[in-house]
Every structure is written in structure tokens, then in C-alpha cells.
Amino acid sequence: MRTHELTPRECQILKVIIHDYITSGEPVGSRSVARRHLGHLSSATIRNVMADLEEIGYLSQPHASAGRIPTDSGYRFYVDSLMQRPKLSRVEESRIEQGIRPSHGEAEELVQGVSRILSDLSRYASVVLAPKFAQNTWRRINFVHLNRERILVVLMADSGLVQQKVIAIDELIEQPELDRISNYLSSILGGVTLHEVRKRIIARMAEERDEFDRLMQRALELSNKTIEGEEEHVYIGGTANIAHQPEFADVKKMKNIFAAFEEKSKLVKILDYCLTQEGLRIVIGRESEVREMRELSLIAAPYKSGDHTVGVLGIVGPKRIAYDRMAALVDCTARLVSKLLTGADV
């Protein structure tokens, strides 16, 4: 068995086959490669190279008389070693900017806009892991009394973006005391996460016991409740786009794919992995831990608020997704969302 070091000719032919297969969805034959791309090489020479690429696992042949299609390993080599990432046009960047900017400053509106613009521009499905309370940095926090058992938490990020959450409480806290707690917590916010706020309160409680002790205790409790039990919200858009791909005409395959989208905890598992990584991640077919996602590829990137990674956005499509263009689209969108969340001019 050969090592996976490819010759320039093998690289050239593999790249041509992948590009053709991404475009057509049909197995690519040696004559097609020679006629359309590499006229200086004979079909026999190309066929021999294709056989070598099949031997090392980068191509496969669906039927004896058919051309070749890329394998997951072939796509991985292409992505890591051959792919060039084009730059989006200024028109496309401008469309993303307009599509993601929330009109009322609500975090949910931002996430829905990101999901919509990614699916519209890619013509594939989009996935967005919403910003997490615990990981964002905040400027202001308000607690609003709803009833004896529930409080509305309204958090304003440094960027001006607003997130809301309803929390349950064990005992009645009247609005005047909630206002005092809000003012106290807001006085120690400003470029820090709620985890860091908790540390500051605990440190101060250890140092001094004064008339603020009860206030700080209540503030700590409400901070904990705001962070605890935080559900991970995944927004999915454009799933119907996948149904239009020819490789998913098989009803069983489509059922598996839609099952993966419906069971969002499986998507969260992959996106959480991307959340811990720096920069763009591409998960191809069987590289995914989620069985239902193994006919698909995910291109995802984390986005930040200041120095803190707070969420992930990406595109899901067939394994013959246009990796170069989609990587550019995801990368650009993550950068623009990070700028917006950080409060910089987009």
C-alpha cells in the first residue's frame, strides 16, 4: 500500500474530479477529465492515476462501468491540501451585514438573521448555536418581577445586544429589592462574564461582612440561577434545501437526515466541539460522531464577543458541498457577527 503523498499530477486529477463531482453529482470518468480539463493527457494515463487514487482510498467506483467519486478521505485531502478559499464580493459581504443586524437589538433576532442569511446564500441548511449567557460579557443586568415564583432577567451585552431569560425563584423578591440587586450587579459588570461576576461577589463576601451581605447573597443566588440550567438553543434554517440534492432522493437517507435535525441535542454535540476550537472547522461525512450526519458535511466557525467565544454558526450540506466557497461564506459571517457582538463597526 502506498503512502498518501501525492504527485502533482495526482493532485491535479483529484482536484478536477472533486470539482466536477461537486458540480454534477455524477461519477466522473477519465474521458470527461481528458476532454474538459486535461487534454494533454490521454484517457489511459488518467485512468491509471484514478486507479492509484482509488487504491489509496481517495476515490471510489460505485459500479464497475462507472466513473469515480471522491471518498471522505479524498475530500479531507482536498480540504487540507488542495483547496483555495475565494474572497466574497463586497456585495455579498454587504448583504450579510444587512441580514444579520438586528433592528431591535435582540439576540434572538440576530441568530435568526444569521440562520436565514446563511441558508439563503449557501442554498444548503444553516445551523447556529445561540450565544450563551455564561460566556458573553455584559454591561447591564435587570431583574423584573413577574410573579411570586418567576423573574425575568434582561441582560445587555457590551455590544448593546439584549438577551432575556425567565428564572424560577424559591421565595418572593419584591421589585425594589430586585432593583437594588440589579444596580449592584451592574456596578461590577462591564467587559466580564457572569462567571467572573460570581467570583468577585464570593471574594468580597469572604473579605467583609457588612450591611451588603444579604444583598450580595441574593445577587449571587440570582446570578447562579441565570447561568444554571441554560439550554443550548440551536437554530436551523433551509433544511428543505438538502431535500433537493440528488444524492438524497433515497427516502431512507432523507429520514435519517431530518431525524438528525429534529434531535437537536445531536447537532449540539458537534457544535459544542466546534465551540472549543479556534477558527473554521470542517467535519466530513464519517468524521462525525453522529451516525445520522454521516452522509453530510458541516462547515462551522465560532463567533466571539470581545475575547470570549460565545456561539457557533455553520452550514450543513451533502458531502459534495462546495467546500471552498462555503468556507469563505462561513468564515466571513463569523467575523461579521463577532464584530457586531463586540460593538465594533461592522
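Residues numbered from 1 in each chain as written. Predicted model: local features only at pLDDT ≥ 70, side-chain atom pairs only at ≥ 80, totals over all residues. Heavy atoms only, no water.

J.: Hey, could you run me through the overall build of the protein in this one?
T.: Within the protein, the regular secondary structure consists of 13 helices and 10 strands. Taken along its principal axes, the extent of the C-alpha atoms in the protein is 90 × 40 × 40 Å. Residue burial in the protein is summarised as follows: out of 346 residues, 51% are buried. Long-range contacts, defined as pairs at least 24 residues apart, comprise 63% of the intrachain contacts of the protein with a sequence gap of at least 6. Accessible area of the protein: about 16700 Å², with a carbon and sulfur share of 47%. Between the mean site of the 47 positive side-chain charges and the mean site of the 48 negative ones, the protein shows a separation of 6 Å. (Helix = DSSP H or I, 4+ residues; strand = E, 2+ residues; numbered from the N terminus. Buried < 20%, exposed > 50% of the residue type's maximum accessible area, 1.4 Å probe, protein only. Contact = heavy atoms within 4.5 Å. Areas by Shrake-Rupley, 256 points an atom, 1.4 Å probe, with all protein chains shown as cover. Lys, Arg positive; Asp, Glu negative; His and termini not counted. Charge placed at Lys NZ, Arg CZ, Asp CG, Glu CD.)

J.: I tried to follow the pattern of salt bridges on my own but got confused; where do I start?
T.: Oppositely charged side chains may form a pair once their charged atoms are brought near each other. By the definition in use, this model includes 10 salt bridges. Ionic pairing is found between E93 and R90, a salt bridge with its closest N-O pair at 3.5 Å. Highlighted residues: E93 and R90, both in helix α5 (residues 90-100), separated by 3 residues, approximately one helical turn. Residue classification places E93 among the buried residues on the basis of a relative accessible area of 11%. (Salt bridge = Lys/Arg side-chain N within 4 Å of Asp/Glu carboxyl O.)

J.: For this particular structure, what's the right way to read a nonpolar patch on the surface?
T.: There is a patch of nonpolar side chains on the surface, built from V144, L146 and V166 and spanning about 210 Å² of accessible area. By the secondary structure assignment, V144 is in strand β4 (residues 138-147). (Patch = residues over 30% accessible without salt bridge, like charges linked within 9 Å, V, L, I, M, F, W, Y side chains within 5 Å.)

J.: Help me understand the layout of surface pockets in this model?
T.: One water molecule sets the probe size; rolling that probe over the atoms shows where empty space is left. Taken as a whole, the second largest pocket spans an internal volume of roughly 210 Å³. Its residues assigned to classes, the lining of the second largest pocket shows 4 nonpolar, 1 polar and 5 charged. (1 Å grid on protein atoms, 1.4 Å probe; cavity = no way out; pocket = protein on both sides within 12 Å on 5 of 7 lines; lining within 4 Å. Points joined across faces, edges and corners; volume = space filled by probe spheres on them. Nonpolar A, V, L, I, M, F, W, Y, C, P; charged D, E, K, R; others polar.)

J.: What exactly am I supposed to notice about empty space enclosed by the protein here?
T.: Enumeration over the complete set of coordinates arrives at 1 cavity of 30 Å³ or more. Here the largest cavity is characterised by a volume of approximately 40 Å³. In terms of lining residues, the largest cavity is bounded by I270, V283, I284, G285, S288, M293, L296, S297 and L298. Mapped by element, the contributors of at least two residues to the lining of the largest cavity are β8 (281-284) and β9 (296-305). Tallying contributions element by element places β9 first for the lining of the largest cavity, with 3 residues. Among the residues forming the lining of the largest cavity, the class breakdown is 6 nonpolar, 3 polar and no charged.

J.: Mind showing me how you'd approach the environment of E289 here?
T.: With respect to the element layout, E289 can be found in the loop between β8 and β9. Given the relative accessible area of 61%, E289 is considered exposed. Taking C-alpha positions, E289 is 32 Å from G99, a pair spaced 190 residues apart along the chain.

J.: How do you make sense of the side chain of S115 when you look at a structure like this?
T.: With respect to the helices and strands, the residue S115 is situated in helix α6 (residues 107-122). A distance of 3.3 Å separates a polar side-chain atom of S115 from the backbone nitrogen of G237. Setting aside chain neighbours within four positions, we find S115 in contact with S126, V128, Y235, I236 and G237. (Polar contact = N/O pair within 3.5 Å; in protein donor to acceptor, adjacent residues only side chain to side chain.)

J.: Help me understand the sheet that holds strand β3 (residues 125-129) in this model?
T.: Sheet strands associate in pairs through backbone hydrogen bonding, adopting either a parallel or an antiparallel arrangement. Across the sheet, 5 strands lie side by side as β7-β3-β10-β9-β8; this open sheet has antiparallel pairing. With partners counted over all chains shown, the strands left at the sheet margins are β7 (234-237) and β8, one partner each. Taking the axes of each pair of neighbouring strands and ignoring which way they run, one obtains an average angle of 20 degrees across the sheet. Here 4 bridges tie β8 to β9, and the two strands are oriented antiparallel to one another. For R281, the partnering residue across the bridge sits in β9 and is A300. (Pairing = 2+ DSSP bridges. Axes fitted to C-alpha atoms, helices over the stretch in contact; angles between N-to-C directions.)

J.: What is the right way to look at the sheet that holds β4 in this model?
T.: Ordered by their spatial adjacency, 3 strands build an open sheet running β4-β5-β6, and the pairing between neighbours is antiparallel. Each having just a single partner strand, β4 and β6 (162-168) make up the two edges of the open sheet. If you compare each strand with its neighbour and ignore which way they point, the axes differ by 20 degrees on average. As paired strands, strand β5 (residues 150-157) and β6 are joined by 7 bridges and run antiparallel to one another.

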